[in-house]
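# Observations on the three-dimensional arrangement
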Amino acid sequence: MNYDEIFPKIISHAKEYGFIFPSSEIYDGLGAVYDYGQLGVELKNNIKTAWWKAMVQMHENIVGLDSAILMHPTTWKASGHVDAFNDPLIDNKDSKKRYRADVLIEDQIEKYNQKSEKDTIKKAKKEGWEPGSTEYNGFLQNNRNAQKAQEIQKQFEDALNSEDMLQALYDLIIELGIVCPVSGTKEWSEVRQFNLMFKTQLGATADSAMDLYLRPETAQGIFVNYLNVQNTSRQKLPFGIAQIGKAFRNEIVARQFIFRMREFEQMEMQYFIKPGTQMEWFQYWKEARMKWHQALGLKADHLQYHEHEKLAHYADAAEDIQFRFPFGFKEMEGIHSRTDFDLTQHEEFSGKKLRFFDHEAKESYVPYVLETSVGLDRTFLAHMSNAYTEEDVPTAKGDMEQRIVMKFHPLLAPYKVAVFPLVKKDGLPEIARSIIDELKFDFNVMYDEKDAVGRRYRRHDAIGTPFCVTVDYETKDDNAVTLRDRDTMEQVRLPISEVRDYVAKKLSWREILG
Ligand code: ATP
């Protein structure tokens, strides 16, 4: 099974097992809005915990925050979102479908990159090159399709930096002959700007009502609380404020499942630093964040840094961590050096001083900010993609069958242990239940007695449970159980009293974040 073909399978697997459902599905759903089901919520919570642990609990100088979604509307004037939180959109006149002009071009680049990779694999097979060898990498970067991708990338960057960006993007779409994926035609409208914020109102009557926005990012809740947190936590620079929460964007192109949603969650950390130290911290956080993704099991060759084509006017450095989703390398996290832009803007609009008094230098200044901003849902999708595996395995009878196994990192898996009685009688369910009652204080566990044990293994492979424990007749005599490992399918016999420690060792934060 080719990795770039598994996307539809992941979507149906997510629905079938209760990871993700389309929102309000009984009314035919709502575009780009999704609900997390019984397994999804566990996986999502485990990702949040892993982030919170790594960012807040492992750093003495980073504290948490949970700010409100609704904020005073001036916040969004000050941050620049009212005037400039726009995406360039283009309509196809035949299909009446609307697209993001930059995304249409990025997709074109990705097509050439995928072709280049396929060509390289073919060539490597013929020539006997190892993936990663000098010949392999040389061909990967220099074949016809790779060069075409690089050429368009350069044109794209020029267009984004041009004086008349909208016209330049339009011209490039025409020059590349990009067609609408629905109508297949090149009948494009001009490119226009579209503000992505959702508006709502505070107050009951039309006269007294106040226009509000649903926050399009969690960061501004941190900036407006900078002084509150600094004063009450008595932190000195550098220090960080971290937050996990919902954000809303009226995305033009709603597609690729939970990759681009209208309601999503961000995990953001703003690190307040002394001006002039931003490049040092930029490097530090780039590496730290990449390490976190790898520690949780995302494959190293599916992760890469990507420099921004165009820096926002207030940023002096910005890179993304991209993950190779089945539809290509795409942004999962942004690391941005935002200078003193946000705090200075809020000083100006609020009239309140947002400074830090540096006792050593005996001066006060507006701190600079280094931000790490990762999408929770995109991280979720990365782990679903990374984990999804189809394997041919032998059955108890000796013939082969296919299993779908979600190879999540044990710390992220929705359930850690499933406990089965071999049969539903002779006291075995009672023993299994007593094991559950022991383990449930430490782990999320599940009791399962339906069907043959083989079927139960398959069910738990499909939801990624790393350990299955079976209680059999011998358990009554030796107080031991069979523990089966999800990935290797190896089984070990363990005294019941040792199961907890065995599992706990595989879930050690020290191992992962140490
Ligand atoms: P994109 O270019 O893909 O629209 P962005 O650069 O606007 O993303 P940021 O504003 O840097 O994204 O937001 C930080 C992170 O929030 C992103 O790296 C991504 O993981 C997540 N994110 C942003 N928009 C969405 C969305 N519509 N759905 C899901 N996650 C999102």
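Residues numbered from 1 in each chain as written. Predicted model: local features only at pLDDT ≥ 70, side-chain atom pairs only at ≥ 80, totals over all residues. Heavy atoms only, no water.

## Brief notes about the overall build of the chain
- Counting its regular elements, the chain contains 18 helices and 23 strands.
- Taken over the C-alpha trace, the chain has a radius of gyration of 26 Å; the compact-globule value for 514 residues is 24 Å, and the two agree within 12%.
- Across its three principal directions, the C-alpha atoms of the chain cover 80 × 60 × 55 Å.
- Sequence separation of at least 24 residues holds for 65% of the intrachain contacts in the chain that already meet a minimum separation of 6.
- Per element, the accessible surface of the chain, about 25,100 Å² overall, is 49% carbon and sulfur.
- A gap of 2 Å separates the mean positions of the 67 positive and 81 negative side-chain charges of the chain. (Helix = DSSP H or I, 4+ residues; strand = E, 2+ residues; numbered from the N terminus. Rg over C-alpha atoms; globule rule 2.2 N^0.38 Å. Contact = heavy atoms within 4.5 Å. Areas by Shrake-Rupley, 256 points an atom, 1.4 Å probe, with all protein chains shown as cover. Lys, Arg positive; Asp, Glu negative; His and termini not counted. Charge placed at Lys NZ, Arg CZ, Asp CG, Glu CD.)

## Overview of a negative patch on the surface
- Side chains of Glu163, Asp164, Asp171 and Glu175 sit close together on the surface and give a patch of like negative charge.
- Considering the arrangement of structural elements, one finds glutamate 163 in the loop between α7 (144-161) and α8 (165-176).
- On the basis of relative accessibility, which here comes to 87%, the residue glutamate 163 falls in the exposed class. (Patch = residues over 30% accessible without salt bridge, like charges linked within 9 Å, V, L, I, M, F, W, Y side chains within 5 Å. Salt bridge = Lys/Arg side-chain N within 4 Å of Asp/Glu carboxyl O. Buried < 20%, exposed > 50% of the residue type's maximum accessible area, 1.4 Å probe, protein only.)

## Observations concerning the pattern of salt bridges
- Taken as a whole, this structure holds 38 salt bridges when the rule is applied.
- Among the ionic pairs, aspartate 87 bridges to arginine 100, the shortest N-O distance being 3.3 Å. Here aspartate 87 is found in strand β4 (residues 86-91), whereas its partner arginine 100 is found in strand β5 (residues 98-100), with 13 residues between them in sequence.
- Glutamate 117 is paired through a salt bridge with arginine 324; the nearest N and O atoms lie 3.3 Å apart. Here the residue glutamate 117 occupies a position in helix α5 (residues 101-127), and arginine 324 occupies one in strand β12 (residues 317-325), the gap between them amounting to 207 residues.
- Owing to a relative accessible area of 27%, glutamate 117 belongs among the partly exposed residues under this scheme.
- Three or more residues are tied together by salt bridges with common partners; here these are Glu391, Glu401, Arg403, Lys407, Arg458, Asp461 and Arg484.

## Concerning the sheet that holds strand β9 (residues 239-248)
- In space, the 7 strands of this open sheet follow the order β3-β9-β10-β16-β13-β12-β11, with mixed pairing throughout. Of all strands in the sheet, those bounded by a partner on one side alone are β3 (62-65) and β11 (303-307). Across the sheet, the mean angle from the axis of one strand to that of its neighbour is 25°, orientation sign disregarded.
- Sheet strands in contact with helix α10 (residues 226-233) are β3, β9 and β10 (263-273), and its direction is about 140° off that of β9. (Pairing = 2+ DSSP bridges. Axes fitted to C-alpha atoms, helices over the stretch in contact; angles between N-to-C directions.)

## With respect to the site of the ligand
- In the region of the ligand, 16 residues are neighbours, and Glu251, Arg260, Met261, Glu331 and Met332 sit closest.
- Phenylalanine 259 has a polar backbone atom sitting 3.4 Å from a nitrogen atom of the ligand.
- Contacts to the ligand include arginine 378, whose side-chain N or O atom sits 3.1 Å from an oxygen atom.
- For the ligand, whose accessible area on its own is 590 Å², the fraction buried by protein is 85%.
- Only β10, β13 (328-337) and β16 (368-375) provide two or more residues apiece to the shell around the ligand.
- Per-element accounting of the shell around the ligand gives the leading share, 5 residues, to β13.
- Its residues assigned to classes, the shell around the ligand comprises 4 nonpolar, 5 polar and 7 charged. (Near = heavy atom within 4 Å. Polar contact = N/O pair within 3.5 Å; in protein donor to acceptor, adjacent residues only side chain to side chain. Nonpolar A, V, L, I, M, F, W, Y, C, P; charged D, E, K, R; others polar.)

## Observations concerning the packing of α5 against α8
- At a closest axis distance of 10 Å, the pairing of α5 and α8 adopts a crossing angle of 35°. Of the two possible hands of crossing, α5 and α8 adopt the one that is left-handed. Side by side, α5 and α8 meet where Ala101, Leu104, Ile105 and Gln108 of the first sit next to Leu169, Leu172, Ile173 and Leu176 of the second.
- A per-class count over the contact of α5 with α8 returns 7 nonpolar, 1 polar and no charged. (Left-handed = near helix turned anticlockwise from the far one by under 90°.)

## Regarding helix α1 (residues 7-16)
- Phe7, Ile10, His13 and Ala14 are the residues of α1 that are buried. Projected onto a plane normal to the axis of α1, the buried residues spread over an arc of 120° and lie on a single side. For α1, the exposed residues lying more than 90 degrees away from the buried face are Pro8 and Glu16.
- Of the surrounding elements, those touching the buried residues of α1 are β1 (20-22), α13 (376-387), β17 (388-394), β18 (400-406) and α15 (453-463).
- Residue glycine 18 follows α1 closely and has a positive phi angle near 85°. (Arc of directions from axis to C-beta.)

## Regarding the packing of α5 against α7
- Between α5 and α7, the least distance of the axes is 8 Å, while the angle of their chain directions is 160°. Considering the angle they form, α5 stands roughly antiparallel to α7. Here the hand of the crossing between α5 and α7 comes out left-handed. In this structure, α5 uses Asp102, Ile105, Glu106, Gln108, Ile109, Tyr112, Asn113, Lys115, Ser116 and Asp119 to contact α7, whose residues at the interface are Asn145, Ala146, Lys148, Ala149, Ile152, Gln153 and Phe156.
- Tallied by class, residues from the contact of α5 with α7 come to 7 nonpolar, 5 polar and 5 charged. (Parallel < 35°, antiparallel > 145°, perpendicular 65-115°, else oblique.)

## Things to note about the nonpolar core
- Within the largest apolar cluster, 82 residues are counted, with the highest numbers of intra-cluster contacts made by Phe19, Trp51, Trp285, Trp292, Phe380 and Met384.
- At 8 residues, the largest contribution of residues to this core is made by helix α2 (residues 38-57).
- Per-domain counts for this core show at least three residues from each of domain 1 (3-85 + 196-384) and domain 2 (401-513).
- Counting 23 residues, the second-largest nonpolar core is a separate cluster that includes Tyr99, Ala149, Ile173 and Trp188. (Core = buried A, V, L, I, M, F, W, Y, C linked by side-chain atoms within 4.5 Å. Domains from an automatic or database assignment.)

## Looking at the domain arrangement of the chain
- With domains assigned, the chain is organised as domain 1 (3-85 + 196-384) and domain 2 (401-513).
- Relative placement of domain 1 and domain 2: their C-alpha centres are 36 Å apart.
- For the pairing of domain 1 and domain 2, the buried interface totals around 1,500 Å² over both sides, and the portion due to carbon and sulfur atoms is 78%.
- Our count for the contact surface shared by domain 1 and domain 2 stands at 4 residue pairs in polar contact (both at pLDDT 80 or more). (Buried area = accessible area lost by both parts, 1.4 Å probe.)

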